[in-house]
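# Fold and geometry: a report
Here is what each chain is made of, one letter per residue.
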Amino acid sequence: VDEGLLDRRQALGRADALYQQILASGAPDPAVLNNAANVRLALGHQESAIDLYGRALDLGESPVAYFNLSQAFGRSFNVDGLNGALA
């Protein structure tokens, strides 16, 4: 087992747990939602990442969140979603 990969996975797991606590504690913030989605995507949880990016975009348009959403759709092989996010 690659220890670097294991360390990265553990760090992402800790970050994910912290983001979930932040999200549960109050009013949603688009930057926090986007970053939480980035962590979920890095962990391989495409559907929950897509949901979080969508929630971030519901609060305001963001080219970064749209790009990240397109990447999540790409990893899910959802070409229509990918094209829609990029448009």
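Let us look at the structure shown here. Please read all numbers here as calculations on a predicted model, not as lab measurements.

## Here we look at helix α1 (residues 3–24)
It helps to recall that an α-helix has 3.6 residues per turn; residues three or four apart then point in one direction. Its 22 residues give α1 an end-to-end C-alpha distance of 32 Å, which sits within 8% of 32 Å, the value for a rise of 1.5 Å per residue. All buried positions along α1 are accounted for by L12, D16 and L23. Buried positions in α1, seen along its axis, are confined to an arc of 45° and lie on one side of it. Turned more than 90 degrees off the buried face of α1, the exposed positions are E3, R14 and Q21.

## Focus: the nonpolar core
Judged by nonpolar contacts, the single largest core of 16 residues is most densely connected at L52, Y53 and L69. Contributions of two or more residues to this core are made by α2 (30–42), α3 (46–58) and α4 (63–75). Looking at this core, the element that brings in the most residues is α3, giving 6 residues.

## Things to note about the packing of α3 against α4
At a minimum axis distance of 9 Å, the contact between α3 and α4 shows a crossing angle of 160°. As judged from the angle between their axes, α3 and α4 are roughly antiparallel. Note that α3 runs across α4; the crossing there is left-handed. Residue-level inspection shows Q46, I50, Y53 and L57 of α3 in contact with α4, the latter providing A65, Y66, N68, L69, A72, F73 and R75. Residues that form the contact of α3 with α4 fall into these classes: 8 nonpolar, 2 polar and 1 charged.

## Section: the pattern of salt bridges
Applying the stated rule across the entire model yields 1 salt bridge. Here D16 ties to R40 by a salt bridge, and the two come within 2.7 Å at their closest N and O atoms. Here D16 is found in helix α1, whereas its partner R40 is found in helix α2, with 24 residues between them in sequence. The residues D16 and R40 share a single accessibility class, namely buried.

About the thresholds
Residues numbered from 1 in each chain as written. Predicted model: local features only at pLDDT ≥ 70, side-chain atom pairs only at ≥ 80, totals over all residues. Heavy atoms only, no water. Helix = DSSP H or I, 4+ residues; strand = E, 2+ residues; numbered from the N terminus. Expected span 1.5 Å × (residues − 1). Buried < 20%, exposed > 50% of the residue type's maximum accessible area, 1.4 Å probe, protein only. Arc of directions from axis to C-beta. Core = buried A, V, L, I, M, F, W, Y, C linked by side-chain atoms within 4.5 Å. Axes fitted to C-alpha atoms, helices over the stretch in contact; angles between N-to-C directions. Parallel < 35°, antiparallel > 145°, perpendicular 65-115°, else oblique. Left-handed = near helix turned anticlockwise from the far one by under 90°. Contact = heavy atoms within 4.5 Å. Nonpolar A, V, L, I, M, F, W, Y, C, P; charged D, E, K, R; others polar. Salt bridge = Lys/Arg side-chain N within 4 Å of Asp/Glu carboxyl O.

Everything listed here is a matter of coordinates, which is why it stays silent on function.
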